[in-house]
Amino acid sequence: MNAANRLTPYLFLAPAAIIMVIALLYPLGYMVYGSFRDWNPAQALSETEFVGLRNYIYLWNEAAFRESLGVTLKFAFFCVAFELILGVGLALLLDRKLRGMSILRTLFILPMMIAPVVVGLMWRYMYHPTVGTFNRWLEAIGIDGIDWLGRKALMSVIIADIWQWTPFIFILALAALQSLPRSALEAARIDGATPWQLIWHIKLPLMMPVLIVTALLRLIDAFKVLEVILVMTEGGPGLSTEIVALRISRTAVEFRELGVAAAMSNYLLILLMILTIGMFAFTRLQELRATRAAKIIQQEG
């Protein structure tokens, strides 16, 4: 192979690489650089004062930021956990040939097609203490209404997110189920495996790589939720529903502290990178275990 042939793939990749550098790395570098400056919207970045790690140290010691980070972790964990349980459960339930199944599947994915602002407004009105749907149902059966957007605000926001994004898990889990090797399932049935044994020992282990990537995508998105919470609770009452994304927006727009907001964004980026690396490492470990088990079976056979 001559030099021209070796360079051809890189020449085709060059435009995409250039766009990636301009569209991704430059804004990221701009944010990292700004996090080390005393920066407000009235200044160009070149006019700002270098303050080193002061913004990071300030955030590390700020109680409000730590509380927002705790709210973010709770919100992301409960949302993703329940969405996985419900989404995978629905996929297992609907992975069969039934009349009208295509229509039913279409109805399940409708919530994720709705704009986040509309979702926030819709659930805010349903949670209304006097005219909201939920409290009217409770009063109809003789139960006092609940202050959904008060003491139960975080739970209410989590329910809204689960309603909107469970279909995302459902679609990917159903696709993973339908792509499973039928030979493995048939062999397990011939050996006398029950439906529950098929799920726990065959289907879920084979679906695990897809489920881990799906959970990672939803986890990243849950850390960045803004519109639904902003419309429903505006982060209140107090800081009970103020996730880090909302605090970053407030710090930049209301408090006009762009350097602090940039440092906060970098903290969130580092946390997401740690979670991403951890989940991919877990996936790799599972693959190695499966490969080792297959080799042992072959040797014994």
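Residue indices follow the written sequence of each chain, beginning from 1 at its first position. With pLDDT at 70 or above as the cut-off, local features in this predicted model cover only qualifying residues; side-chain atom pairs require 80 or more to be listed or tallied, and sums for whole chains, interfaces and linings still use all residues. For the side-chain quantities, the full set of heavy atoms in the structure was used; hydrogens and water were omitted.

Colleague: I would appreciate a short explanation of a nonpolar patch on the surface in the present structure.
Modeller: Patch definition: residues above 30% relative accessible area lacking any salt bridge, with like charges linked at up to 9 Å and the nonpolar side chains Val, Leu, Ile, Met, Phe, Trp and Tyr linked at up to 5 Å. Note on areas: Shrake-Rupley with a 1.4 Å probe; residue coverage comes only from the protein chains shown. Any carboxyl oxygen of Asp or Glu within 4 Å of a side-chain nitrogen of Lys or Arg constitutes a salt bridge here. A grouping of Ile18, Met20, Val21, Ile22, Leu24, Leu25, Leu28, Val32, Leu269, Met273 and Ile277 is seen on the molecular surface, where their side chains present a nonpolar patch of about 970 Å² in accessible area. For the purposes of this entry, the term helix denotes a DSSP run of H or I that reaches at least four residues, the term strand denotes a run of E that reaches at least two, and both are numbered from the N terminus. With 8 residues, helix 1 (residues 3-34) is the single largest residue contributor to the nonpolar patch. Position of Leu28 relative to the elements: it lies in helix 1. Residue exposure (1.4 Å probe, protein chains only): buried if accessible area is under 20% of the type maximum, exposed if over 50%, otherwise partly exposed. Here Leu28 falls in the partly exposed class, since its relative accessible area comes to 31%.

Colleague: So what exactly am I meant to see when it comes to the environment of Asp221 here?
Modeller: By the secondary structure assignment, Asp221 is in helix 9 (residues 195-223). Its relative accessible area of 27% is what places Asp221 among the partly exposed residues. Through-space distance from the C-alpha of Asp221 to that of Pro9 is 33 Å; in sequence the pair is 212 residues apart.

Colleague: What is the right way to read the nonpolar core from this model?
Modeller: A general feature of soluble globular proteins is that nonpolar side chains tend to end up buried together. Formed by 42 residues in total, the largest nonpolar core has its most connected members in Phe75, Trp123, Ile229, Met232, Ile243 and Met264. Contacts of Met264, omitting those with residues within four sequence positions, involve Leu59, Phe65, Val244, Arg247, Ile248 and Thr251. In this structure, Val88, Phe170, Ala176 and Leu204 belong to the second largest nonpolar core, which totals 16 residues. Joining through side-chain atoms within 4.5 Å is the link that ties buried Ala, Val, Leu, Ile, Met, Phe, Trp, Tyr and Cys residues into a set, and such a set is a nonpolar core. By definition in these notes, contact holds between two residues if any of their heavy atoms fall within 4.5 Å.

Colleague: Just to check I follow, could you spell out the pattern of salt bridges for this structure?
Modeller: A pair can form between side chains of opposite charge whenever their charged atoms are brought close. By the definition in use, this model includes 9 salt bridges. Here Glu83 makes a salt bridge to Arg218, at a shortest N to O gap of 2.9 Å. Within this pair, whereas Glu83 is found in helix 3 (residues 63-94), its partner Arg218 is found in helix 9, the two being separated by 135 residues in sequence. Residue Glu83 shares its accessibility class with Arg218, and that shared class is buried.

Colleague: Please explain unusual backbone geometry as it appears in this structure.
Modeller: Peptide bonds are, in most cases, trans, and in most cases residues other than glycine have a negative phi. Here the bond from Gly236 into Pro237 is cis, since omega is -5 degrees, no more than 30 degrees from zero. For Pro237, the location among the structural elements is in the loop between helix 10 (227-232) and helix 11 (244-253). A positive phi angle, near 55 degrees, is found at Glu234, a position not held by glycine. Mapping Glu234 onto the fold places it in the loop between helix 10 and helix 11.

Colleague: Would you mind showing me how to read helix 7 (residues 153-178) here?
Modeller: Side chains of residues three or four places apart in an α-helix project in the same direction, reflecting 3.6 residues per turn. Between its first and last C-alpha, helix 7 extends 38 Å over 26 residues, near the 38 Å set by a 1.5 Å rise per residue. What is called the bend at a residue is the angle between a pair of axes, fitted to the seven residues leading up to and ending at it and to the seven starting from it. For helix 7, the principal kink sits at Gln164 and spans about 40 degrees; a proline, Pro167, occurs within the next four residues. In a helix, the anticipated span is given by 1.5 Å times the number of residues less one.

Colleague: Please clarify how the environment of Pro116 should be interpreted in this entry.
Modeller: Tracing the backbone shows Pro116 in helix 5 (residues 116-126). Those residues within four positions of Pro116 in sequence are excluded, and the remaining contacts are Gln164, Glu227 and Val228.

Colleague: Mind showing me how you'd approach the packing of helix 5 against helix 7 here?
Modeller: In a packed pair of helices, the relevant descriptors are the angle between the two axes and the axis-to-axis distance. The convention used is that axes are lines fitted to C-alpha atoms, helices contributing only their stretch in contact, and that angles between N-to-C directions extend from 0 to 180 degrees. In contact at an axis separation of 11 Å, helix 5 and helix 7 are set at 130 degrees when each is read in the N-to-C sense. Between helix 5 and helix 7, the crossing angle belongs to the class labelled oblique. Crossing angle aside, the handedness with which helix 5 passes helix 7 is right-handed. Of the residues in helix 7, those touching helix 5 at Pro116, Val119, Met122 and Trp123 are Ile159, Ala160, Trp163 and Gln164. Any residue outside Ala, Val, Leu, Ile, Met, Phe, Trp, Tyr, Cys, Pro, Asp, Glu, Lys and Arg is labelled polar, Gly included; the first ten of those are nonpolar and the last four are charged. Taken together, the residues that form the contact of helix 5 with helix 7 break down as 7 nonpolar, 1 polar and no charged. Should an angle fall under 35 degrees it is called roughly parallel, over 145 degrees roughly antiparallel, and 65 to 115 degrees roughly perpendicular, with every other angle called oblique. Throughout, a crossing is termed right-handed when the near helix is turned clockwise from the far one, and left-handed when it is turned anticlockwise from it by less than a right angle.

Colleague: Can you walk me through the packing of aromatic side chains in this structure?
Modeller: Centre distance and the angle of the planes are the two values used to describe a pair of aromatic rings. Here is the rule: rings of Phe, Tyr and Trp (six-membered ring for Trp) pair when centre to centre is within 6.5 Å. Planes less than 30 degrees apart are stacked, more than 60 are edge-to-face, and the remainder are tilted. According to the stated counting rule, one finds 16 aromatic pairs in the structure shown. A centroid spacing of 5.8 Å and a plane angle of 40 degrees characterise the contact between Trp123 and Phe134, whose relative ring orientation is tilted. You can see Trp123 sitting in helix 5 and its partner Phe134 sitting in helix 6 (residues 133-140), a full 11 residues away along the chain. The burial state of Trp123 is the same as that of Phe134; both residues are buried. Grouped by ring-pair contacts, the aromatic residues Trp123, Tyr127, Phe134, Trp137, Trp148 and Trp163 constitute a single cluster.

Colleague: Explain the layout of surface pockets here, please?
Modeller: In this approach, a probe sized like a water molecule rolls over the atoms, and the result shows the empty space that is left. Roughly 260 Å³ of volume is contained in the second largest pocket. Looking at the lining of the second largest pocket, the elements that each hand over two or more residues are helix 3, helix 9 and helix 12 (258-300). Looking at the lining of the second largest pocket, the element that brings in the most residues is helix 9, giving 7 residues. When its residues are assigned to classes, the lining of the second largest pocket shows 15 nonpolar, no polar and no charged. Put plainly, a pocket is an open set of points on a 1 Å grid over the protein atoms alone with protein on both sides within 12 Å along at least five of seven lines, a cavity is a set where a 1.4 Å probe fits but cannot get out, and a lining residue has an atom within 4 Å of a point. Grid points are joined across faces, edges and corners, and a volume is the space filled by probe spheres set on the points.

Honestly, it's all geometry; don't read function into it.
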